[in-house]
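# Coordinate analysis (summary)
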Amino acid sequence: MEFLGASISSSAPKVYSILRTSSITNGSTQISPKTLKFSVFPISPRKQFKIYSGKAREVQLQHMRLSRIRALGSHDYVPDEPPPSDSNGRKKLIVIACSTVTVALAIANRVLYKLALVPLKEYPFFLAQLTTFGYVAIYFSVLYMRYRSGIATDEMLALPKSPFILIGFLEALGVVSGMYSGAMLPGPAIPILGQTFLVWQLVFSILLLGRSYSMNRIAGCFLVAVGVVLAVASGSDSDQMLSGVGILWPAMMIASSAFQAVASIVKEFVFLDATPRLKGKLLDIFVVNSFGSGFQALFVFLFLPLLSNLKGIPLTELPSYLKSGAACFFNVGTNTTGCNGAPILPLLYIIVNIVFNISLLNLLKYSSAVVSSLAVMSSVPISIYILSIPLPYLPEGASLSPYFVLGSVILMVGLVLYNISWPLKQDKIL
C-alpha cells in the first residue's frame, strides 16, 4: 500500500507525520503504524532514494524534496546522510587545498635542497643518511604524542605490518638503484628519467588497485610528463645527454622510479584497506609515515656497505666521513672550511622536507597516488626557474631556453586536461 506525500519545496529541516493510519495489511502481516520504514524518492531522477524508518509520527526529514513515500514495514532507524554532491564538493575542496600546499612545499623543498648542498657539497651522502635515519626518530616521536592524545588508536597500530615492510623494502631499493645509476649518468638526465615515475604509477594503479582512468586523464598525465621533460631538458647539452652512456644505467634509473611508484601505490592501498578495518575511520598518516620510514631505514642500513662504496667511501672510512659531515652540518670545529650557510640552510631543508612528506602523504590519503605525483611534477619547472635566478649563496644565475617555456605551457595544459572532468566523472576502482 502506498502513501502519496505532498512535494516539499523548502530545504529547511521540518518534522512530517502520517495521519489517520491505524494499520496496514501486507498479505497476512500486520504492520504497526508507529514503526514504519519509508523509501524517499527524490524529484531528481539522478539521485538515489534514501531509506528512513522509525516512528511514523516522529520521522525528521532534512534537506529533502519528496515526491512520494512508500510504506515498507518495520525497521531500525537509519540516520540521514548529506547528499552525495555535497560530499564530492567537500572532497574536491580538500584535494585542491592539499594540492596547492603540496606544490608550494615541493618547490621550497627542491630549492632548499640545492641551497643545503652549498655548505654540504662535500657531504651529500651524510645529508642523505641523516634524513633517512633522523626522520624515523621524528616520525615515531610524533606518532607517540598522537597516540597519547587519542588521534592514533590501538586499532591503527595493530594493522598488518607486511605492507609497511614492502613499502620500506621498495623505497630502499629505489634509493640503491637510483644512487647507483645516478653516479653514472649526467646530471640533467636524472630528473628527465625520473618522470617515468608517473607512467609507472598509472600502470601499477591499474594492475594492483584495479583502477580505471578516462582518456582525458591518461592524455593529461602524458602531457604533464612531456612538459616536464621539455622543461628539464632545456639545457644546451640536452642533445648529447646520453651519448656514450649505454642502456644499463638509464634502465636502472627507470627501475628506481618503478620501485618508488609501487611503494606509493602500496601506501594508497594501505589507506583504502584500513578504512573497513577501522570501521570507516581514516588512518592517521603518521602511522604510515613512521612504519614505512622505519622499515626503509632498516633496509638502507643493510645496504649501507654497498651505498658507501657507490659514493666512493670505503666502509672502513665511513665513521670518519660521517664525523666530518656532522662537523660541517653544525659548522663547528677547525676543519669546516667551505661550510658557510650551515646549520641554517640544512636545517631549513630538513624542516621543509618533513612538512612536504607529511603534506604529500596527506594528499595521497584524500586523493590518489597519481594526483599526488602530478602535484609534485608541476613543481619541477617552477623550481628550475627559481634556481635559475640569483639567490643567496647561489649568486650565479642561468639562462633558460624557449623549450623551458614551451614545456611549462604543455605541463599546465596537461594538468587542466587531467582535472577538467573531476569530480563529475570519477575514476573507478573495479
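The shown structure was predicted, so the numbers you read here are calculated from the model rather than taken from an experiment.

## Looking at the side chain of Arg-211
- As for its position among the elements, Arg-211 is in strand β9 (residues 211-212).
- Judged by its relative accessible area of 9%, Arg-211 falls in the buried class.
- There is a polar contact of 2.4 Å between the side chain of Arg-211 and the side chain of Glu-268.

## Considerations on the environment of Leu-307
- Inspection of the secondary structure assignment puts Leu-307 in helix α10 (residues 304-310).
- Residue Leu-307 is classed as buried on the basis of its relative accessible area of 0%.
- As for Leu-307 and Val-175, which are separated by 132 residues in sequence, their C-alpha atoms are 8.9 Å apart.
- Non-local contacts of Leu-307, meaning those with residues more than four positions away in its chain, are made with Phe-125, Val-176, Met-179 and Val-300.

## What about the state of the cysteines?
- What the rule picks out here adds up to 1 disulfide.
- Bridging Cys-328 to Cys-339, the disulfide has an S-S length of 2.0 Å. Sign of the S-S torsion, about -120° for the bond between Cys-328 and Cys-339, identifies this disulfide as left-handed. Linking Cys-328 in helix α11 (residues 318-330) with Cys-339 in the loop between α11 and α12 (344-366), this pair joins segments that are 11 residues apart in sequence.
- You can call Cys-328 buried: its relative accessible area is 1%.

## Let's talk about the nonpolar core
- Core analysis: the biggest nonpolar cluster contains 83 residues, and Phe-125, Leu-283, Val-370 and Leu-374 have the highest contact counts within it.
- Those residues in contact with Phe-125 that sit more than four places away from it in its chain are Met-179, Leu-304, Leu-307, Ser-308, Lys-311, Ile-313, Leu-318 and Tyr-321.

## Points about the packing of helix α6 (residues 196-209) against helix α13 (residues 369-388)
- Look at α6 against α13: their axes get within 10 Å of each other, and the N-to-C directions meet at 175°. It follows from the interaxial angle that α6 and α13 lie roughly antiparallel. Side by side, α6 and α13 meet where Phe-197, Leu-198, Gln-201, Leu-202 and Ser-205 of the first sit next to Ala-369, Val-370, Ser-373, Leu-374 and Met-377 of the second.
- Of the residues in the contact of α6 with α13, the class split is 7 nonpolar, 3 polar and no charged.

## Things to note about the packing of α6 against helix α8 (residues 248-277)
- Look at α6 against α8: their axes get within 8 Å of each other, and the N-to-C directions meet at 45°. Between α6 and α8, the crossing angle belongs to the class labelled oblique. Crossing hand, α6 versus α8: right-handed. Contact with α6, carried on its side by Thr-196, Phe-197, Trp-200, Gln-201, Phe-204, Ser-205, Leu-208 and Leu-209, involves Ile-254, Ser-257, Ala-258, Gln-260, Ala-261, Val-262, Ser-264, Ile-265, Glu-268, Phe-269 and Leu-272 of α8 and no other residues of that element.
- Grouping the amino acids of the contact of α6 with α8 by side-chain chemistry returns 12 nonpolar, 6 polar and 1 charged.

## With respect to α11
- Compared with the 18 Å implied by 1.5 Å per residue over 13 residues, the 18 Å span of α11 between its first and last C-alpha is a close match.
- Taken as a whole, α11 has its buried residues at Leu-318, Tyr-321, Gly-325, Cys-328 and Phe-329. For α11, the arc enclosing every buried residue in end-on projection is 100°, short of the 170-degree limit, so these residues lie on one face. Of the residues in α11, the exposed ones pointing more than 90 degrees away from the buried face are Pro-319 and Lys-323.
- In the segment just after α11, Asn-331 is the residue with positive phi, at about 55°.

Calculation criteria
- Residues numbered from 1 in each chain as written.
- Predicted model: local features only at pLDDT ≥ 70, side-chain atom pairs only at ≥ 80, totals over all residues.
- Heavy atoms only, no water.
- Helix = DSSP H or I, 4+ residues; strand = E, 2+ residues; numbered from the N terminus.
- Buried < 20%, exposed > 50% of the residue type's maximum accessible area, 1.4 Å probe, protein only.
- Polar contact = N/O pair within 3.5 Å; in protein donor to acceptor, adjacent residues only side chain to side chain.
- Contact = heavy atoms within 4.5 Å.
- Disulfide = S-S within 2.5 Å.
- Core = buried A, V, L, I, M, F, W, Y, C linked by side-chain atoms within 4.5 Å.
- Axes fitted to C-alpha atoms, helices over the stretch in contact; angles between N-to-C directions.
- Parallel < 35°, antiparallel > 145°, perpendicular 65-115°, else oblique.
- Nonpolar A, V, L, I, M, F, W, Y, C, P; charged D, E, K, R; others polar.
- Left-handed = near helix turned anticlockwise from the far one by under 90°.
- Expected span 1.5 Å × (residues − 1).
- Arc of directions from axis to C-beta.

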